[in-house]
Amino acid sequence: MANNHFNYKTVYAFAREMHPKTEKFDVQYGTAGFRAKASTLGYVMYRMGLLAVLRARYKKGCVGVMITASHNPEPDNGVKLIDPCGEMLEQSWELWATKFANVADDELVDVIHEIVSKLDIEMTQRVEILVGKDTRPSSPSLAKALCDGILALSGKPIDYGIVTTPQLHYFVYCKNSKHEYGIPTEEGYYTKLSNAFKKLRGESFNNGNYFNKILFDGANGVGAKKIKYFQECLGDSLKIEMYNDELIGTGKLNFMCGADYVKVKQTFPNGVPQITEQRCCSVDGDADRLIYYYLDENKKCHLLDGDRIAILIAEYLKEMVESTGLEVDLGLVQTAYANGASTDYITQKLKVPVSFACTGIKYLHHEAQKFEIGVYFEANGHGTIVFKKEFKEKLKLALENTSLSNEQHGAIKKVLTIIDLINETVGDAISDMLLVETILHSKGWSIQDWEKKYTDLPNRLMKVSVKDRTQITTTNSERTCIKPDGLQDEIDTIVARYKAGRSFVRPSGTEDLVRVYAEAISQEEADQLSLEVALKVYDMADGIGPKPSL
Ligand code: G16
């Protein structure tokens, strides 16, 4: 039994005087933590500071707290906790997070007592909490509330300032792995990734149809700031022309630019020069999502989204590993949003098994960990690759095997370098971009060559505002709607009228709305299908505001 004579006076005082619970409604730890209007989040931050200390003590390691609302508009903000291994907070603790956020000020200490005694948390450890924030103007004051929570329970906040979400995940894991995974500093991160990139690129920066220039849309967020350091480290090996780096507080974050805008609107972002056939990419507000695209001679924007990125990577890794001569169990994880054509290509052409998970990196990550090499991506461009520890050891052992050929040894070294290029802790737009650039370079492909692999089914994403989005519940990896009663039957009837039609609805875990996805044989039909389904949701789930329209 832990010795827990902790004095909670400061916790009480801070809760009542500095960070009182201002909102009456309950909030929930959603797809990626809490997200809401920044002005409502002060007390939630304070309480997450408290919880982070408890989590760190329970896990006996440092944890991270990231202040970001990622793809959401600038007035929103949010917070998510990062576990010691650099992954998202373990799901059983999401319930504690929700409880902490919603309890009355006077009962806050009771909930702390409850968790401390239930989980036998030793309260005397001095734990470190790594704090990061994106570029939202609301982030510094929210960070102050968070740090007050950390200090109230005698934790030690270590402020990393403005960093990308994946950087903070990386730092947390580096610290807990005692630097085995890397050095937990920004410089350590840039050095590890850029050294691996340059090693893979070699002396010749262009190859076949591949040219080493890319236009980069930083979404007016933290990605725009950090890519500059990469450019310095990469030198001439990759020329990154950076766009959309407005000053903090101009309201331009994610506004008509960034990965979410490009993917949802299927259009070219503002602020990036329209050069025909030029390879471009966008990241989102905290640089954990990546989307590629180009404009054709008719000014049509061609998207290469998370599905395409996943396939490019899975195919490349499969070939690489085959050339090492080692047996490997490689699999891919997608969500319901994955384009049907991509799933067909992976299973039928690539012969790589596919698993489905619910929306949210936390679900995909764990599903991917079941494979020796697990590639996971959401269609929105959020994803990474995880390698089993045993697989990495197998590679290192094989290097000592003298019966293998020089070519096999070369291939093994290359796979090890590729692993160094990847941020395995979480989807990382910049690391993913460097990997995509590496693969295109190695194949000598233009973005158009990459696109030729298969043809996407036209699709459309829509948003519907409803009175209470929790009225909508789903099952079957979110592909079937259970509530409201009868909605799924209506969707099935509508879908049956469309050739190659598919559609599903689910409540967003990051925004107060319901998402509708549809795909069909032509763009017009995909648009029409999604509109019909969106209107049905509006009617059957208490839609509010203007009716959905295209
Ligand atoms: C977050 C999650 C993603 C998810 C996205 C949208 O992304 O990390 O896994 O796909 O939200 O989720 P929902 O449809 O539930 O709103 P980000 O980039 O906003 O952190």
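Small disclaimer: the values here were computed from a predicted structure and weren't measured.

Definitions and cut-offs
Residues numbered from 1 in each chain as written. Predicted model: local features only at pLDDT ≥ 70, side-chain atom pairs only at ≥ 80, totals over all residues. Heavy atoms only, no water. Phe/Tyr/Trp six-rings, centres within 6.5 Å; stacked < 30°, edge-to-face > 60°. Helix = DSSP H or I, 4+ residues; strand = E, 2+ residues; numbered from the N terminus. Buried < 20%, exposed > 50% of the residue type's maximum accessible area, 1.4 Å probe, protein only. Axes fitted to C-alpha atoms, helices over the stretch in contact; angles between N-to-C directions. Parallel < 35°, antiparallel > 145°, perpendicular 65-115°, else oblique. Contact = heavy atoms within 4.5 Å. Nonpolar A, V, L, I, M, F, W, Y, C, P; charged D, E, K, R; others polar. Near = heavy atom within 4 Å. Polar contact = N/O pair within 3.5 Å; in protein donor to acceptor, adjacent residues only side chain to side chain. Areas by Shrake-Rupley, 256 points an atom, 1.4 Å probe, with all protein chains shown as cover. Arc of directions from axis to C-beta. Salt bridge = Lys/Arg side-chain N within 4 Å of Asp/Glu carboxyl O. UniProt positions renumbered as here; feature names shortened; annotations may be inferred. Pairing = 2+ DSSP bridges. Core = buried A, V, L, I, M, F, W, Y, C linked by side-chain atoms within 4.5 Å. Domains from an automatic or database assignment. Buried area = accessible area lost by both parts, 1.4 Å probe.

Undergrad: How should the packing of aromatic side chains be read in this particular structure?
TA: Working definition: an aromatic ring pair is given by the centre-to-centre distance plus the angle between the planes. The tally for this structure, following the rule as stated, stands at 20 aromatic pairs. Relative to tyrosine 46, the ring of phenylalanine 14 lies with its centre 6.3 Å away and its plane at 50°, an arrangement referred to as tilted. Taken together, the residues phenylalanine 14 in helix 1 (residues 9-18) and tyrosine 46 in helix 2 (residues 42-59) connect sequence positions 32 residues apart. For the pair phenylalanine 14 and tyrosine 46, one class covers both residues: buried.

Undergrad: What am I meant to see in the packing of helix 6 (residues 165-176) against helix 7 (residues 186-201) here?
TA: Geometry of a packed helix pair, given as the angle between the helix axes and the separation of the axes. Packing of helix 6 against helix 7 brings their axes to within 10 Å, and their N-to-C directions diverge by 100°. On the basis of their axis angle, the class for helix 6 and helix 7 is roughly perpendicular. Between helix 6 and helix 7, the residues in contact are Gln167, Tyr170 and Phe171 and Glu186, Gly188, Tyr189, Tyr190 and Lys192, respectively. Residue composition of the contact of helix 6 with helix 7, grouped by class: four nonpolar, two polar and two charged.

Undergrad: Quick question: what am I supposed to make of the site of the ligand here?
TA: Around the ligand, 20 residues are found, and the nearest of them are His71, Glu378, Ser508, Gly509 and Thr510. Measuring from an oxygen atom of the ligand, one finds a side-chain N or O atom of aspartate 284 at 3.1 Å. Within the side chain of arginine 289, an N or O atom sits 2.9 Å from an oxygen atom of the ligand. About the coverage of the ligand: the protein hides 98% of its 470 Å² of free accessible area. Each residue belonging to the shell around the ligand can be placed in one class, and the counts come to two nonpolar, ten polar and eight charged.

Undergrad: What should I look at first to understand helix 4 (residues 108-118) in this one?
TA: In an α-helix, one turn spans 3.6 residues; hence positions three or four apart end up facing the same way. Those residues of helix 4 that sit buried are Leu108, Val109, Val111, Ile112, Ile115 and Val116. Along helix 4, the residues classed as buried sweep out an arc of 155° about the axis, all on the same side. Contacts made by the buried residues of helix 4 are with helix 1, helix 2 and helix 3 (91-102).

Undergrad: Whenever I open this one, the pattern of salt bridges confuses me. Can you help?
TA: As a working rule, side chains carrying opposite charge can pair if their charged atoms are close by. Counted by the stated rule, this structure contains 40 salt bridges. The salt bridge involving aspartate 106 is made with arginine 16; its shortest N-O contact spans 3.2 Å. On the criterion of sequence distance, the pair formed by aspartate 106 in the loop between helix 3 and helix 4 and arginine 16 in helix 1 is long-range, its members being 90 residues apart. With a relative accessible area of 47%, arginine 16 lands in the partly exposed category. Between glutamate 94 and lysine 362 there is a salt bridge whose closest N-O contact spans 2.9 Å. Here glutamate 94 is found in helix 3, whereas its partner lysine 362 is found in helix 12 (residues 361-368), with 268 residues between them in sequence. A relative accessible area of 10% means that glutamate 94 is categorised as buried. Taken together, the shared-partner salt bridges in this structure form one network comprising Arg55, Asp83 and Glu90.

Undergrad: What exactly am I supposed to notice about the UniProt feature "domain: Alpha-D-phosphohexomutase alpha/beta/alpha" (unreviewed entry) in the protein here?
TA: The UniProt record annotates "domain: Alpha-D-phosphohexomutase alpha/beta/alpha" (unreviewed entry) at residues 58-92 and 111-172. Measuring from the first to the last C-alpha atom of residues 58-92 gives 13 Å, for a span that is 11% helix and 34% strand. Taken end to end, residues 111-172 has its terminal C-alpha atoms 26 Å apart, with 48% of it in helix and 21% in strand.

Undergrad: I keep staring at the sheet that holds strand 12 (residues 354-356) and nothing clicks. Help me out?
TA: Hydrogen bonds along the backbone pair up the strands of a sheet, which may run parallel or antiparallel. What the four strands build is an open sheet, ordered 12-11-13-14; its pairing is mixed. The open sheet has two edge strands with one neighbour each: strand 12 and strand 14 (383-387). Neighbour-to-neighbour, the strand axes of this sheet turn through a mean angle of 20°, independent of strand direction. In this sheet, strand 14 lies alongside strand 13 (residues 373-377) in antiparallel orientation, the contact comprising five bridges. If you follow valine 375 over to strand 14, its bridge partner there is isoleucine 385. Sitting on the sheet, helix 10 (residues 306-324) is in contact with strand 11 (330-334), strand 13 and strand 14, with an inclination near 165° to strand 13.

Undergrad: Got a minute to help me understand the pairing of strand 10 (residues 301-304) in this structure?
TA: Side-chain positions along a regular strand alternate between the two faces of the sheet. Of the two faces of strand 10, the one lined by Cys301 and Leu303 and the one lined by His302 and Leu304 are each fully buried. Pairing analysis gives four bridges linking strand 9 (residues 290-295) to strand 10, with the strands arranged antiparallel. Pairing of tyrosine 292 across the sheet is with leucine 304, part of strand 10. If you look at the hairpin formed by strand 9 and strand 10, you'll find five residues sitting between the two strands, and lysine 299 has a positive phi there, around 65°.

Undergrad: It is not clear to me how the UniProt feature "domain: Phosphoacetylglucosamine mutase AMG1" (unreviewed entry) in the protein should be interpreted in this structure. Could you clarify?
TA: Within this numbering scheme, the UniProt entry marks residues 183-290 and 305-445 as carrying the feature "domain: Phosphoacetylglucosamine mutase AMG1" (unreviewed entry). As a span, residues 183-290 carries 34% helix and 14% strand, and end to end its C-alpha atoms are 24 Å apart. The span residues 305-445 shows a helical share of 57% and a strand share of 13%, and its end C-alpha atoms are spaced 17 Å apart.

Undergrad: Where do I start with the nonpolar core in this structure?
TA: One recurring pattern in soluble globular proteins: nonpolar side chains tend to sit buried together. Grouped together as the largest cluster of nonpolar side chains are 80 residues, with contacts concentrated most on Tyr292, Val375, Met433 and Trp450. Grouped together as the second largest cluster of nonpolar side chains are 53 residues, Leu54, Val65, Ile115 and Leu153 included.

Undergrad: Sorry, what's going on with helix 13 (residues 389-399) here?
TA: Among the residues making up helix 13, those that are buried are Phe391, Leu395 and Ala398. In an axial view of helix 13, the angular spread of the buried residues amounts to 65°, which keeps them on one side of the axis. Facing away from the buried side of helix 13 by more than 90 degrees, the exposed set consists of Lys389 and Leu397. Taken together, the buried residues of helix 13 touch helix 10, strand 13, strand 14 and helix 14 (406-421).

Undergrad: Please explain the domain arrangement of the protein as it appears in this structure.
TA: Many analyses report the size of an interface as the accessible area lost when the parts associate. What the domain assignment lists for the protein is domain 1 (8-162), domain 2 (188-196 + 207-303), domain 3 (306-429 + 440-451) and domain 4 (459-540). Between the C-alpha centres of domain 2 and domain 4 the distance comes to 31 Å. In this complex, domain 2 contributes four residues to the contact, which on the side of domain 4 involves four residues. Buried area between domain 2 and domain 4, both sides added, is near 380 Å², and the carbon and sulfur share of it is 36%. Among the residues of domain 2 in contact with domain 4, Lys263, Val264 and Gln266 are the three that bury the most area, contributing 88% of the side total. Counting across the domain 2 and domain 4 interface gives zero salt bridges.

Undergrad: Would you mind going over unusual backbone geometry with me for this structure?
TA: Negative phi values dominate among residues other than glycine, just as trans dominates among peptide bonds. A cis amide bond links lysine 483 with the next residue in sequence, proline 484, at an omega value of 0°. Residue position: proline 484 is located in the loop between strand 17 (480-483) and helix 17 (487-496). The backbone of lysine 60 sits at a positive phi, close to 55°, despite the residue not being glycine. The topology assignment puts lysine 60 in the loop between helix 2 and strand 2 (63-67).

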